[in-house]
Amino acid sequence: MAAPGTREVPNSKAQPANQLLVSGNACGPAALLNAFRFGNANWQRAADAVTEKNDRERIFTIIREIGMRPSRHLPGRPRWSRRGVGLSDLRDMADEMIHGHYLPQLSEEVFFLKARESPEQLLRRVHKRMESSLAKGLPPILSLRRHAMRPQPGGSVQAVVIDVHFVTLTAIPRKLEKGARSFPVSYIDPWGGRPCEGRIGIPERAVLSDSAGKPTCLEALFPQTPVGKKLLRPGEKTVLVVSGAIGRW
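As a starting point, this report considers the structure included with it. Everything numeric here is computed off the predicted structure, so don't read it as measured data.

The next subject is the overall build of the protein chain. The helix and strand inventory of the protein chain stands at five helices and ten strands. In terms of overall dimensions, the protein chain has C-alpha extents of about 50 × 45 × 30 Å along its principal axes. Buried residues in the protein chain amount to 52% of all 249 residues. Restricting to contacts in the protein chain with at least 6 residues of sequence separation, those with at least 24 account for 61%. For the protein chain, the exposed surface amounts to about 12400 Å²; the carbon and sulfur share of it is 50%. Of the charged side chains in the protein chain, 38 are positive and 23 negative; the average position of the first set lies 2 Å away from that of the second.

What follows deals with the packing of helix α1 (residues 27–38) against helix α2 (residues 41–48). At a minimum axis distance of 6 Å, the contact between α1 and α2 shows a crossing angle of 140 degrees. As the angle between them shows, α1 and α2 are arranged oblique. The segment α1 lies against α2, with L33, F36 and R37 engaging W43, Q44, A46 and A47. When the residues that make up the contact of α1 with α2 are grouped by side-chain class, the tally is five nonpolar, one polar and one charged.

This part is about α1. Here α1 is twelve residues long and its end C-alpha atoms lie 16 Å apart, about the 16 Å a rise of 1.5 Å per residue gives. The buried fraction of α1 is high, at twelve of twelve residues. Burial in α1 covers these residues: C27, G28, P29, A30, A31, L32, L33, N34, A35, F36, R37 and F38.

Conventions and cut-offs
- Residues numbered from 1 in each chain as written.
- Predicted model: local features only at pLDDT ≥ 70, side-chain atom pairs only at ≥ 80, totals over all residues.
- Heavy atoms only, no water.
- Helix = DSSP H or I, 4+ residues; strand = E, 2+ residues; numbered from the N terminus.
- Buried < 20%, exposed > 50% of the residue type's maximum accessible area, 1.4 Å probe, protein only.
- Contact = heavy atoms within 4.5 Å.
- Areas by Shrake-Rupley, 256 points an atom, 1.4 Å probe, with all protein chains shown as cover.
- Lys, Arg positive; Asp, Glu negative; His and termini not counted.
- Charge placed at Lys NZ, Arg CZ, Asp CG, Glu CD.
- Axes fitted to C-alpha atoms, helices over the stretch in contact; angles between N-to-C directions.
- Parallel < 35°, antiparallel > 145°, perpendicular 65-115°, else oblique.
- Nonpolar A, V, L, I, M, F, W, Y, C, P; charged D, E, K, R; others polar.
- Expected span 1.5 Å × (residues − 1).

Dropping the structure here:
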């Protein structure tokens, strides 16, 4: 997405880490390693400190030495498990990786509508956070969640999270156009360590909505990243949500 008016990663020639060298649930550690690698020289110090001879061993080391420590957010459980890792625990892992490298702690934010916030304001907030992190030299890590509207016992239909994933943002427009309802992005999908492109925007048809019918979150239109699609049942309504991010803002 290289073009005037585009904010890009400082180190675009970095080699992406591939989670599949370890397992299908290692997206968090791999996305974290990619964020530091594709960042500026300061953030690259955190990646360079993981000195194993290849990415498989580097990802394993991050999981064993940092991911298996007790979670502050899920008592009695480690940060990383067979289910992967949550956003807050991944932020804690990131802060431990940068410890001793004279780097500021990372920020974490959930991207759902706040009180009295419109979908358009949410779009601007999300864009601002991502652009700010890239401007400060750290590619943000996006948390993606696949929701499906699924029947429950008793006959009700509820939005159920059926899969989660992390990717690392690599390019974004510096500014949103007036009246914009979406914006293009480039990102690294750790599933295969692939550069991908997509859009983040206000859903045209809200799967998750408030009492007034407004969409409560933004949709990730990432056709190269089919998170959870194999887990859908025939006819289910679904949306891939940008549910939060870790970065520097």
